[in-house]
Amino acid sequence: MAMMSTQLGAVPDHVPQDLVVPYDFVAGENMQSCPHAMLARLQQGPRLFFNSSGQNPDGSMGFWVPTRAEDLRHILQHPDIYSSHQIARYSSLLGESWPLIPAEVDPPDHTAYRKFLNPLFSPSAVKAMEPAIRRHAVSLIDRALADKQCDFATAFAKPFPIIIFLTMMGLPLEAFEDIVRWGHDLHEGSSLEQRARGGRAIGEFLGAELARASATPRDDIISRIANGEIDGRKLNDDEIMGMTFLVFAGGIHTVTASLGFQCLHLARTPELQRELRDDVTKLPAAIEEMLRVYAVVNSFRRVTQDHELAGVLLRRGDWLLNSLPIANYDPDEFEDAAVPDTSRKPNRHMTFSFGPHFCLGAHLARSEMRIAWSEWLTRAPPFVIADDSATEITSGTLLGVNRLLIEWN
């Protein structure tokens, strides 16, 4: 899952030297203070460049980086040319080889898996969950407001999606503290050993809960997955774990990261806070624009056949990094792309990806964010950053906010 190495990889012969651009997506200049502004600058460079210092999911060095939204849409719309197979490799941390389903599966198998999973995260299914989502949001907010400041990351952004995950899956809320610790190790661990430890702990926990759900099913998502069938065939153990781990990995960190960057933006723009407090109907559009400006996911694809992209020859086996944050700053797609505009229409951002792999949990994520900010802006006084020097931002495959101190009068 690493994206950067201290050593440059050998540049393949088919890569033009003028397109070789070593770029540190993890610890490069200002990548741990204002990563989106730095990624936006890449729009000023080549339409497609080769990052010779980037590390791929298989440990090899060097990947292509498309910068234009049009090219990313083409890539994401053609899984036959740009494969998702083994792009994340979470299972390798557990010493196993199952894919994240459906994220690491290409059509036609991908289509069958999405058909099975889509109803679990449909607009109507999410609507039924909204009272519980709001109840948990209010509880966390009221707890935070008992003081005059809080670390938004630990008080709300991290626990909120974890609690929603446990609730919708039908998992015990008592596991909350463990999930927080394991999720930190998995996504933010400073070493491969720490990430593997977090992954194994999560895998063991989910495995035990899946066994329970298989033996004594209930009306919850984990029971539906544990006892699921596709075209009359019962899902096997690898498929069941791949789906369940995907819901965990995809549904927690991305919402946490998005909420963190959105809070950072709101705390720095009191006029936007005031506007949204005065007119809550503007909130959905504001959230969409903050999703565009602060996308958090970079995902890999692997080339399956020789071909040209943007006039550049790509060879079978080449890796590409699809950086959704970069695409969202494409000046051909968004006028004044670097300037947040909460009235922007249309807003064809790619934060939830595009094509067959469009985010399975997009409806749920939007619901969580809408409810979270409607309650924060209703219940909390105007808030500002308490100590900007204490803000911790991480970059890499996933961007995030690990620490954000805010205060209110």
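Residues numbered from 1 in each chain as written. Predicted model: local features only at pLDDT ≥ 70, side-chain atom pairs only at ≥ 80, totals over all residues. Heavy atoms only, no water.

(A) Summary view of the overall build of the protein. In terms of regular secondary structure, the protein is built from 15 helices and 14 strands. Structurally, the protein occupies a C-alpha span of about 60 × 55 × 40 Å along its principal axes. A separation threshold of at least 6 residues defines the contact pool for the protein, and within that pool the share at least 24 residues apart is 68%. Both charge centroids of the protein, one from 38 positive and one from 52 negative side chains, sit 4 Å from each other. (Helix = DSSP H or I, 4+ residues; strand = E, 2+ residues; numbered from the N terminus. Contact = heavy atoms within 4.5 Å. Lys, Arg positive; Asp, Glu negative; His and termini not counted. Charge placed at Lys NZ, Arg CZ, Asp CG, Glu CD.)

(B) Structural context of the pairing of strand β2 (residues 61-66). With five of six residues buried, β2 lies mostly within the body of the structure. The pairing of strand β1 (residues 48-55) with β2 spans five bridges and is classified as antiparallel. The residue of β2 that forms the bridge with N51 is F63. Remark: five residues form the turn of the hairpin made by β1 and β2, two consecutive strands paired antiparallel; G59 in that turn has positive phi of roughly 90 degrees. (Buried < 20%, exposed > 50% of the residue type's maximum accessible area, 1.4 Å probe, protein only. Pairing = 2+ DSSP bridges.)

(C) Examining the pairing of strand β7 (residues 298-303) more closely. Counting buried residues in β7 gives five out of six residues, a clear majority hidden from the surface. In the sheet, strand β3 (residues 82-83) pairs with β7 via two bridges, with the strands oriented antiparallel. In the sheet register, Y82 faces β7, and the bridge partner there is V303. The pairing of β7 with strand β10 (residues 319-323) spans five bridges and is antiparallel.

(D) A look at the sheet that holds strand β4 (residues 149-151). The strand order across the open sheet built from three strands is β4-β14-β11, with neighbouring strands paired in antiparallel fashion. Every other strand in the sheet has two partners, leaving β4 and β11 (383-385) as the edge strands with one partner each. Each adjacent strand pair in this sheet contributes to an overall mean axis angle of 30 degrees, direction not counted. Note that β11 and strand β14 (residues 405-408) share three bridges and pair antiparallel. Within β14, the residue paired with F383 across the bridge is W408. (Axes fitted to C-alpha atoms, helices over the stretch in contact; angles between N-to-C directions.)

(E) How the structure looks around the packing of helix α11 (residues 237-268) against helix α15 (residues 362-379). Interaxial distance between α11 and α15 falls to 11 Å at its minimum, and their mutual angle equals 35 degrees. The chirality of how α11 crosses α15 is right-handed. In contact with V255, S258, L259, Q262, C263 and L266 of α11, α15 contributes A365, E368, M369, A372 and W373. Of the residues that constitute the contact of α11 with α15, the class distribution is eight nonpolar, two polar and one charged. (Left-handed = near helix turned anticlockwise from the far one by under 90°. Nonpolar A, V, L, I, M, F, W, Y, C, P; charged D, E, K, R; others polar.)

(F) Region of the structure containing the side chain of N56. Mapped onto the elements, N56 comes out in the loop between β1 and β2. A polar contact of 3.1 Å, which involves the side chain of N56, links it to the backbone oxygen of G62. (Polar contact = N/O pair within 3.5 Å; in protein donor to acceptor, adjacent residues only side chain to side chain.)

(G) Representation of helix α5 (residues 123-144) within the structure. Between its first and last C-alpha atoms α5 spans 30 Å; for 22 residues at 1.5 Å apiece the expected length is 32 Å, and the two agree. M129 marks where α5 bends most, by close to 45 degrees; the proline P131 follows one to four residues later. Buried within α5 are the following residues: V126, M129, E130, A132, I133, H136, A137, V138, L140, I141 and A144. (Expected span 1.5 Å × (residues − 1). Bend = angle between axes of the 7 residues up to and from the residue.)

(H) Quick look at the pattern of salt bridges. Following the criterion strictly, the structure yields 21 salt bridges and no others. Between E239 and R233 there is a salt bridge, and its shortest N-O distance comes to 2.9 Å. Relative accessible area serves as the criterion here: at 6%, E239 is assigned to the buried category. Three or more residues are tied together by salt bridges with common partners; here these are R134, D142, E375 and R379. (Salt bridge = Lys/Arg side-chain N within 4 Å of Asp/Glu carboxyl O.)

(I) The packing of aromatic side chains, seen in detail. Counting across every chain of the model gives 20 aromatic pairs. Where F152 meets W376, the ring centres are 5.5 Å apart and the plane angle is 55 degrees; that geometry is what we call tilted. Highlighted residues: F152 in helix α6 (residues 152-157) and W376 in helix α15, separated in sequence by 224 residues. Look at F152 and you get buried, because its relative accessible area is 1%. For the pair W376 and F383, a centre-to-centre distance of 6.2 Å together with 70 degrees between the ring planes defines the contact as edge-to-face. Across this residue pair, the class does not change: W376 and F383 are buried. Chaining the aromatic ring pairs together yields one cluster made of F152, F156, F160, W373, W376, F383 and W408. Stacked on the ring of F354, the Lys or Arg R73 has its end atom at 5.7 Å from the ring centre. Over the ring of F334 we find R292, and its NZ or CZ is 5.0 Å from the ring centre. (Phe/Tyr/Trp six-rings, centres within 6.5 Å; stacked < 30°, edge-to-face > 60°. Lys NZ or Arg CZ within 6 Å of the ring centre and 35° of its normal.)

(J) Structural view of the packing of helix α7 (residues 159-169) against α11. The geometry of α7 relative to α11 is characterised by a closest axis approach of 8 Å and an angle of 150 degrees between their N-to-C directions. Our classification of the angle between α7 and α11 gives roughly antiparallel. Both α7 and α11 take part in a crossing whose hand is right-handed. Contacts from F160, P161, I162, F165, M168 and M169 of α7 reach α11 at T244, V247, F248, G251, I252, V255, T256 and L259. (Parallel < 35°, antiparallel > 145°, perpendicular 65-115°, else oblique.)

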